[in-house]
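Tertiary structure, described
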Amino acid sequence: MNKRYVMVHDENKCIGCQACNVACRSENGIPDEVTRLQVRIEGPFGQFPNLHYKYHRVSCQQCENAPCVKVCPTGAAAVGDDGIISVDKEKCVGCLYCVAACPYKVRFINPETRVPDKCDFCKSTRLARGEQPACVSVCPTKALTFGDANDPNSEVNHLLNTKLNYQDKLHLGTEPRIYRIPGNKGGIKA
Amino acid sequence: MTLNRRTFLKGAGVGTAGCALSGILPGTLAAYETQPLNGLGSFTHSVCEMCSTRCPITARVVDGKNLSILGNRNAKSFGGAVCARGGAGHSQLYDPQRLVKPLKRVGERGEGKWQEIEWDEAYQYIATKMQAIKEQHGPESVAFSSKSGSLANHLFHLAKSFGSPNTFTHATTCPVAYKVAAKAMFGGSLKRDLSNSKYVINFGHNLYEGINMSETRGLMKAQTEGGCKLVVFEPRFSIVADKADEWHAIKPGTDVTVALSLCHVLINDGLYDKAFVERYVSGFEEFAAQVASYTPEWAETISDVSAKDIRRIAHELAAAAPHALVDFGHRTTFTTEEFDMRRAIYAVNILIGNLECKGGLYMAKKAKTYNKFAGEHATPSLAKASVKSMPEIQAQRIDAVDKQFSMLWSAGGIYQSILDATLESKPYPIRGWVISRSNPMQTMTDRAKVVEAMQRMELVVCCDIYVSETAAYADIILPESTYLERDEEFVDKSGKQPAYYVRQKVVETIGDTKPSWLIWKELAQAMDLGQYFPWDSIETLRMLQTKNDPQMYKAIINDGYVSYGTPLLLRDTKAVAKFRARHPQALAADADGSYASQIKFKTPSGKIELYSDKVEQMAPGRGMIQYREVTLKKADELFFIQGKVAVHTNGASHAVPMLHRLMPENSVWIHPLTAGLLNIKSGDRIRLYNDTGLEESVAQVTPGIRPDTVFTYMGFGSKNKEMAKFHGKGVHCGNLLPHVTSPVVGMNLHTTGVKLLKL
Amino acid sequence: MNNIWGPMDQYDPVVWNWIIAVYLFMAGLSAGSMLVAIGLRWFKQSRGLPVEGLPVIKASAIIGPAAICAGMALLVLDLTKPFQFYLILINYNFTSVMAWGVLALLVYIPLVFVYSALVFEKPLLQRFPALTGLAKLCRAVEPLLLKLIFALSIAVGVYTGFLLSAMISYPILNTAVLPALFLASALSVGSAGNILVATLFFSKKESDCIEHVHRIEYPVAFNEALCLVLLFVGLNFSGPAAQAATAAISHGVWAQVFWIGVVGLGLAVPLLASLFAPHHWRHTKPYLIAVSSCTILGVLSLRHFVVYAGQMYIS
Ligand SMILES: Nc1nc2c(c(=O)[nH]1)N[C@H]1C(S)=C(S)[C@@H](COP(=O)(O)OP(=O)(O)OC[C@H]3O[C@@H](n4cnc5c(=O)[nH]c(N)nc54)[C@H](O)[C@@H]3O)O[C@H]1N2
Ligand SMILES: Nc1nc2c(c(=O)[nH]1)N[C@H]1C(S)=C(S)[C@@H](COP(=O)(O)OP(=O)(O)OC[C@H]3O[C@@H](n4cnc5c(=O)[nH]c(N)nc54)[C@H](O)[C@@H]3O)O[C@H]1N2
Ligand code: SF4
Ligand code: SF4
Ligand code: SF4
Ligand code: SF4
Ligand code: SF4
Ligand SMILES: [Mo]
């Protein structure tokens, strides 16, 4: 495992347009009633007129210390050679333990396969073809950056080293690999 | 692709009746058995039509099941991106509710009783009726309307062949005020170089929700990479307002006062670009005298924007000039005084002299202009297919009653004048209406009037991909193939440099649909007007356009989007130097290295006109930009305003399954103070009503709106039964907006007053 | 801002539902019943008293296997792929509490059946004389067998708690108190279950051992109450998200289940009954049935409360 794929969501650049939400669905053939990705526009917070929204990407965090993997009785929820956490349909019994255990609530039962599904960084679709994940490619404002954080020259590394960022629910020790650049209040000027 | 009746229906032995029983509308995809998608290539370059921004796309069929649609990477400013609607194109393509067979009305208009018919029968029916109207009342009694772009020119060509001058685009429901204003002042339209701007003032240009891919990206780039400051005037806390450095919750319809007072400060404090004004502008003295009284303090009393802020902003703007701009917006339906509001915005731009500079306003460089500067045939140009000996049209357009509207006649016309003509014979009755790719029942104002006008017609034909709210009142609905199943002509996409792109079929046509160029040609043939349609395929037309230049043809087909040359801004010395380096025979530059002396304006004076004689003649008293008081609502009403939401398009996308799931209903934004008075909480059902209509929806209590205003995302609440999925969900905005035609620009009005009631 | 990102149904934090609650209850009931019965047997044996044919032991021989089988059936039915449940028997991931649970149950279930067979040896051998040899063999290792079952019962009881407490994002669940709470309540429901079944089906006059069982109920109930107090006091000191979760016992329908079911039926009623019920009631069938039923309902409520309220609050 010499790769460490991470994704950076720049909440300053994100306009909550859901292009990523739709592109993920089309590319990965996600059935209508479920989704691997939402970008929720939360708020407005603050006092009029000093308001702000929060652009909250909700998708699998590709935890380095993944509760879903830990709790799965059969090893169906597993870490691949590339560090990406995905679900082995052949091993899964559908006990929902991983779904319940995921602190980010991003696992869901795919009504077609009857097993848990979630973002896998487009592992079997775009990544397999050497392309960037669908959500990253489609984003109109280039709010998403994906790459190998172990590569010192990668764009993600550059971003993480130069921009203030945070991860969700760090206190749980999950070591999520979705990094977020927080939205500035009152303007996003660089 | 072939289609069969759904076998389960046959098997059950109920046939067509089964459609009614099972709630499936005849003629829709649901009534047929579908087969896997047939992709025409691994990657096909084409053009999106999920909204009229029409982004260049690249589509790929995934597992014969769905499509992955991304932006065409050859179009740099689009960055390979599409929005949520663009990405959901295949959900529309495969929507069971989509129409795939011509329908004929069998009940009353709007009753929802339909029968599938063959194309020939449809053409015959329409041709007979149209001929009858022509013979009895003249061809001008049939109006033709279509959203501009795509294949609209084919419909208008049919109109001309038929002999009617009455062709309309959606212009007066959307952008035409800023175009007319530009025409009056600059003699033509302008583009904005948002991505290079250092200071942008935005009056309700909703770019982060009402997405225009290259402009949305441009503004974001300016903000995040160029350190651009963004100042937003918006009655509600939009996403643009959130991303702005400053948000001013301006009172609806009062933007003109802020723009005028910005001019006042620029002039009074000597901040304006004197050299620019001297060189390019006429009417400055008169204008300066006019704005002398438009102080920020005055503007504050009307707009609620603080005078101090206006002064400061004027100074900041001037400091950033000329790489600064005041955005002239897109949907120009905020007030009946749109003409002066947009002119006032241009006036600020003129005063800071931002024309043809990086980060300012500029004129498109089409091949002809570009080549003239290049001194050589540097880039190929597109020819227009023209048909000789078209019939002469005698009749006046119905909107030609008043010459104040004369700038509109060739710019799309006054769409809603169809209502006046039909209902009040002003100036003469319209008896037939052929509508394509337009949904006026939802997107024009005063829905009841639209219904009434349609009921009066002797013939209503609608070409759509759904039984839209408007199509529901048609006699015949002609199902067009969706954009993913269509080939179209090459389109000029020139900006700072010439560029072309093209829509190409991504999948084989599903069902018995046709592209509208073919529909109108075949209809013309049914009326013996076939000689005016001498083309038999899109290839023929494309060849004509490229004047048989195989290189150009191939380039556009292969790359989907081709741009030629190098960006040219006439007052940007760097761009000019680069241009001249590239084109050795290029025109000599001015002493300062620019092409500043070459800038020409197609106005009567040849200059930018702050005051216009021409306008004064068209509309007496309006030659000079000035503030006029408007009353948009009654004292005890709240302002009602709307906007686009990122996941839906106007009155078009709400049934598309993928988008419908993302957002099935529009709620109404209400300020906590206003809500408190009426004891309304988020999630409560509420009623909005006024003299025009009544709508019900759900309250969304939010501090992100002025207390005197309510807001909702437009396009919901369709009232026709055919689109059961989104039938009746949310506020139908058109049902609350009065039928208005604004002076000079002929605009519809999308701001009105409503009262609120908790249910 | 309007929701423009689509339906939120799939994000419901309550993933496991009443089926899991009942399964956890059944597993606790089975394990508790074994613990109480084996404990009683050892207690009697240590005093040289006879243990053959004790109603409570007979009851446990019914409850033990029946409850765990019912629980397992529910569990399998709740899988999204019930017909592939065997996958869980052939794939093991030992970081998973559930995998350990499966292993424990895999040994526990057959042993409970053996236990039951030994209790009902006579009627069994009458029907299936062929099993005589096997029965003898089992009898020979019975003491060891009982120890093993006792240990596995503790494991199963605790496991049901660990299963939930391993989920780190639910503050109510993610606490070391939960396994203890589940073990304590397993003992409560085990003894109550034994009493109920014994009273209904096996009791003649040997109700004295029922009395013994009854006696362990107080300390167990006390432990249970203590665990609950610890749980909620603990939450109060574990940060804002956990603190917010204390609303589970003050707001909403699950608070009602907690106070009426868990505290009222499960703890207060048995306690008050033993304090204030007239002496001559205490060995009557209606009294025993009523009180043990209350305990059972209380523990059932507890499992539901923990499963639902536990998943509703997330940190
Ligand atoms: N997602 C999406 N994108 C689209 C479209 C779509 O339907 N959906 N449609 C395309 C089309 S056709 C167009 S024309 C463009 C439209 O692009 P815009 O004109 O930018 O879009 P709207 O949302 O109509 O913008 C109006 C904004 O002005 C605010 N507003 C209303 N009244 C006033 C006022 O009096 N003063 C000021 N300052 N602000 C006011 C509204 O709150 C709203 O946010 O978008 C294009 N892009
Ligand atoms: N109240 C209110 N009204 C508004 C606005 C507002 O903000 N508020 N916005 C205004 C603006 S900016 C605009 S541009 C107008 C737009 O209004 P319209 O010009 O009516 O355009 P749309 O609503 O985009 O689409 C019209 C129809 O085109 C159909 N259609 C889609 N694709 C195709 C196709 O490929 N072929 C054919 N034949 N039909 C197709 C759709 O099904 C739909 O019925 O609305 C205006 N009306
Ligand atoms: S596509 Fe980009 S801008 Fe749009 S919601 Fe997703 S991350 Fe945000
Ligand atoms: S976010 Fe959830 S599903 Fe994704 S790795 Fe972490 S625990 Fe697993
Ligand atoms: S549902 Fe499948 S993947 Fe998830 S824990 Fe159970 S077996 Fe593992
Ligand atoms: S990385 Fe791929 S799977 Fe994950 S959210 Fe983005 S598009 Fe979907
Ligand atoms: S903005 Fe979106 S819907 Fe409109 S053309 Fe572009 S991709 Fe298509
Ligand atoms: Mo528009």
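Residues numbered from 1 in each chain as written. Chains lettered and ligands numbered in written order. Predicted model: local features only at pLDDT ≥ 70, side-chain atom pairs only at ≥ 80, totals over all residues. Heavy atoms only, no water.

In the nomenclature of an unreviewed UniProt entry, chain B is known as Thiosulfate reductase PhsA of Ferrimonas aestuarii. Under the Sequence similarities (unreviewed entry) heading, UniProt states for chain B: "Belongs to the prokaryotic molybdopterin-containing oxidoreductase family." (UniProt positions renumbered as here; feature names shortened; annotations may be inferred.)

An unreviewed UniProt entry lists chain A under the name 4Fe-4S dicluster domain-containing protein, with Ferrimonas aestuarii as the source organism.

A word on the overall build of chain A. Looking only at helices and strands, chain A features five helices and nine strands. Along its sequence from the N terminus, chain A presents helices and strands in the succession β-α-β-β-α-β-β-α-β-β-α-β-α-β. For 190 residues, the compact-globule formula gives about 16 Å, and the C-alpha radius of gyration of chain A, at 17 Å, lands near that figure. Along the first, second and third principal axes, the C-alpha set of chain A runs to 50 × 35 × 35 Å. For chain A, buried positions account for 67% of its 190 residues. Taking all contacts inside chain A whose residues are at least 6 apart in sequence as the whole, residues at least 24 apart take part in 58%. For chain A, the exposed surface amounts to about 6,800 Å²; the carbon and sulfur share of it is 48%. Looking at charge distribution, chain A has the averaged site of its 25 positive side-chain charges lying 5 Å from that of its 20 negative ones. (Helix = DSSP H or I, 4+ residues; strand = E, 2+ residues; numbered from the N terminus. Rg over C-alpha atoms; globule rule 2.2 N^0.38 Å. Buried < 20%, exposed > 50% of the residue type's maximum accessible area, 1.4 Å probe, protein only. Contact = heavy atoms within 4.5 Å. Areas by Shrake-Rupley, 256 points an atom, 1.4 Å probe, with all protein chains shown as cover. Lys, Arg positive; Asp, Glu negative; His and termini not counted. Charge placed at Lys NZ, Arg CZ, Asp CG, Glu CD.)

Moving on: the pattern of salt bridges. Residue and element names in this part refer to chain B. Per the stated rule, a full pass over the model turns up 61 salt bridges over all chains. A salt bridge links Glu485 to Arg98; the nearest nitrogen and oxygen atoms lie 3.5 Å apart. Taken together, the residues span a long stretch of sequence, with Glu485 in the loop between β19 (476-479) and β20 (490-492) and Arg98 in the loop between α4 (89-93) and β6 (103-105) at a distance of 387 residues. Given a relative accessible area of 2%, Glu485 falls into the buried group. Salt-bridge contacts for Lys755 lead to Asp636; the nearest nitrogen and oxygen are separated by 3.0 Å. Taken together, the residues span a long stretch of sequence, with Lys755 in strand β29 (residues 752-758) and Asp636 in the loop between α24 (613-618) and β24 (638-643) at a distance of 119 residues. (Salt bridge = Lys/Arg side-chain N within 4 Å of Asp/Glu carboxyl O.)

Attention shifts here to the interface of chain B and chain A. In this assembly, 48 residues from chain B lie in contact with 39 residues from chain A. Taken over both partners, the interface formed by chain B and chain A buries close to 3,400 Å², and the fraction arising from carbon and sulfur atoms is 61%. Looking at the side of chain B facing chain A, the largest losses of area belong to Leu70, Phe237 and Lys243 of chain B, adding up to 15% of the total buried there. The interface formed by chain B and chain A contains one salt bridge. For the salt bridge of Arg60 of chain B with Glu27 of chain A, the shortest nitrogen-to-oxygen distance reads 2.8 Å. In this assembly, chain B and chain A are joined by 12 residue pairs in polar contact (both at pLDDT 80 or more). Of the residues in the side of chain B that touches chain A, the class split is 26 nonpolar, 13 polar and nine charged. (Buried area = accessible area lost by both parts, 1.4 Å probe. Polar contact = N/O pair within 3.5 Å; in protein donor to acceptor, adjacent residues only side chain to side chain. Nonpolar A, V, L, I, M, F, W, Y, C, P; charged D, E, K, R; others polar.)

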